[in-house]
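# Results of the structural survey
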Amino acid sequence: MMLRLFSMITAVILLAAAQAGAQDSAQNGEISVDAVMQEIQRSAGGSVRPPADAVTNAPMTPGVTRERDVVGEMNAAKAETILQNQGPNSASTIWGEMRAGEVGTVSIPDPNASFLVQDGGMAWLDWRAKGGPLQVYGGWALLGMLILLAVFFLIRGRIKIHEGLSHLTIERFKPVERFGHWLLAGSFIILAVSGLNLLYGKDYILPLIGKEAFAQLTMAGKWAHNNMAWAFMLGLVMVFVMWVLHNIPSRLDLQWFAKGGGIVGSGHPDSRKFNGGQKLIFWGTIVMGGSVSASGLQLLFPGEILLFDKTFATLNSLGVAAIWGAPLPTGLNAMQEVQYAQIWHTIVAFAMIFMIVAHIYIGSVGMQGAFAAMGSGQVDRNWAKEHHNLWVEEEDAKRGYATPAE
């Protein structure tokens, strides 16, 4: 900074001296304005950054080669002076090529250093910026889900046990099953809250609590987000191993959906340990949880796990261009991989939040007796017979006695 300041001061002094003696020295050839301007260019180091209002022919799409400037009939001597069109060697052309993602050459082991300007970062920033698609659509969808559940509660009310409590219980979930569920659920809640802060916090929370408090909150959330990811993945594996056999789709699920699951209308359709709605929650959690875990690992280990280039190439081979309108980009560098992973991670996380919010509603205030299944593990027999009658019969048969008559 000091060297650059010194150079600028020197250039100003030289320019002033040139202007003061321009008439006297022009004939003697002592110094010229052109020479001073060249000295300013040399001493200041120049810049490849064009003015803010510069008009260039640089393409905005990453990977598209810029049409080079045409020199035309230009005197070679004039082309060497400043203030003249430099043609393909002009600073604006070089800047435009770098701005469009032109790759240089490096002698160090890291090939990513050959990218001076990674153009995809602007598109990534637009996606997650204030007023961008992730904030706007994600926020409205989450608010819409909450409003929908509130309206449903006002219209339908709490789903009660038709015959009331029997004060007799049956074990719904064993301790290890409840541990796996709460490990998954608790870690997901922490991940969701800390993730939403990363997306919305700077724009909406920071102005409310100030920079220092927000910095502490966000650093704690970042630490929790990175470390709770392992608990989430462990819970995901536990839940899959324990319940996958109970969540294989069957014809009963179609009947369950046809009758509205007993939530809409009267009467409860037959069901085993998990009904059709719970199976949707299970498979949605497994599939989206696996996807968000994979993209999360890519974010935790950037450059080590590369998923999107091969995925996009596979989708292109399957003809996705006919649906999407253009082939998906391939040949992605490590930074572009991370940017796609971050956007995908946020989208899938939002989808999981919508689904889990509905699941929390049904398992708590939305249905009488449902919370006990994951609370104590013991549920009222009347609740169990109304919602999982075939499962109750199976459990009674294991114990060697018939299900009591209705």
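Below is a short write-up of the structure. (Residues numbered from 1 in each chain as written. Predicted model: local features only at pLDDT ≥ 70, side-chain atom pairs only at ≥ 80, totals over all residues. Heavy atoms only, no water.)

Turning to the overall build of the protein, a few remarks are in order. Looking only at helices and strands, the protein features 17 helices and two strands. By the burial criterion, 35% of the 406 residues in the protein qualify as buried. When contacts within the protein are restricted to residue pairs at least 6 apart in sequence, those whose partners lie at least 24 apart make up 70%. (Helix = DSSP H or I, 4+ residues; strand = E, 2+ residues; numbered from the N terminus. Buried < 20%, exposed > 50% of the residue type's maximum accessible area, 1.4 Å probe, protein only. Contact = heavy atoms within 4.5 Å.)

When a protein is soluble and globular, its nonpolar side chains tend to lie buried together. Of all hydrophobic cores here, the largest spans 45 residues; its most connected members are F188, F232, W243, W383 and A384. Looking at this core, the element that brings in the most residues is helix α14 (residues 334-363), giving nine residues. In this structure, F308, F312, V320 and L328 belong to the second largest nonpolar core, which totals six residues. (Core = buried A, V, L, I, M, F, W, Y, C linked by side-chain atoms within 4.5 Å.)

With that settled, consider the pattern of salt bridges. Inspection of every chain in the model, using the stated rule, returns six salt bridges. Residues E171 and K174 are paired through a salt bridge, measuring 3.6 Å at the closest nitrogen-oxygen approach. One salt bridge connects R381 with D396, and the closest N-O pair in it is separated by 3.0 Å. Of this pair, R381 sits in helix α16 (residues 381-387) while D396 sits in helix α17 (residues 389-398), placing them 15 residues apart in sequence. Both residues of the pair, R381 and D396, belong to the buried class. (Salt bridge = Lys/Arg side-chain N within 4 Å of Asp/Glu carboxyl O.)

Going through the model one piece at a time under the given rule, you end up with 14 aromatic pairs. Ring geometry for F188 against F232: centres 6.2 Å apart, planes inclined by 35°, an arrangement best described as tilted. Taken as a pair, F188 in helix α8 (residues 175-209) and F232 in helix α9 (residues 211-243) lie far apart in primary sequence, 44 residues in all. Each member of the pair F188 and F232 is classed as buried. Geometrically, the ring pair formed by Y200 and Y204 is tilted, given 6.2 Å between the ring centres and 50° between the ring planes. In this pair, Y200 and Y204 both sit in helix α8, four residues apart, roughly one turn of the helix. Here a set of aromatic residues connected by ring pairs shows up, and it is made of F152, F153 and Y361. (Phe/Tyr/Trp six-rings, centres within 6.5 Å; stacked < 30°, edge-to-face > 60°.)

Taken N-terminus to C-terminus, the directions of helix α6 (residues 120-128) and helix α7 (residues 133-156) make an angle of 25°; their axes are 4 Å apart at the nearest point. In terms of orientation, α6 and α7 fall into the roughly parallel class. Every residue of α7 that contacts α6 at D126, W127 and R128 is listed here: P133, L134 and Q135. Looking at the contact of α6 with α7 residue by residue, the classes come out as three nonpolar, one polar and two charged. (Axes fitted to C-alpha atoms, helices over the stretch in contact; angles between N-to-C directions. Parallel < 35°, antiparallel > 145°, perpendicular 65-115°, else oblique. Nonpolar A, V, L, I, M, F, W, Y, C, P; charged D, E, K, R; others polar.)

With that out of the way, let us pick up empty space enclosed by the protein. Tallying each qualifying case throughout the model produces one cavity of 30 Å³ or more. In this structure, the largest cavity encloses a volume near 30 Å³. If you go around the largest cavity, the residues you meet are W256, G261, H268, P269, N275, E386 and H387. For the lining of the largest cavity, the residue count by class is two nonpolar, four polar and one charged. (1 Å grid on protein atoms, 1.4 Å probe; cavity = no way out; pocket = protein on both sides within 12 Å on 5 of 7 lines; lining within 4 Å. Points joined across faces, edges and corners; volume = space filled by probe spheres on them.)

Where helix α11 (residues 276-300) contacts α14, the axes come no closer than 9 Å and their chain directions differ by 155°. Considering the angle they form, α11 stands roughly antiparallel to α14. Here α11 runs over α14; the crossing is left-handed. Looking at the contact of α11 with α14 residue by residue, the classes come out as 14 nonpolar, 10 polar and one charged. (Left-handed = near helix turned anticlockwise from the far one by under 90°.)

Okay, the environment of T218 next. Relative to the elements of secondary structure, T218 occurs in helix α9. T218 sits in the buried class, given a relative accessible area of 16%. Between the C-alpha atoms of T218 and G201, which are 17 residues apart in sequence, the distance is 8.1 Å. If we ignore the near neighbours within four places in the chain, the residues touching T218 are N197 and L198.

Turning our attention to unusual backbone geometry. Of note in the backbone geometry, H167 takes a positive phi value of approximately 65° without being a glycine. One can find H167 in the loop between α7 and β1 (169-171). Judged by its relative accessible area of 67%, H167 falls in the exposed class.

Moving on, we come to α8. The end-to-end C-alpha separation of α8 is 41 Å, well short of the 51 Å expected for 35 residues at 1.5 Å each. Where α8 ends, the next residue or the one after it, G210, has phi of about 90°, a positive value. (Expected span 1.5 Å × (residues − 1).)

To continue, consider the side chain of S295. For S295, the position within the fold is in helix α11. Given the relative accessible area of 2%, S295 is considered buried. There is a polar contact of 2.9 Å between the side chain of S295 and the side chain of H345. (Polar contact = N/O pair within 3.5 Å; in protein donor to acceptor, adjacent residues only side chain to side chain.)

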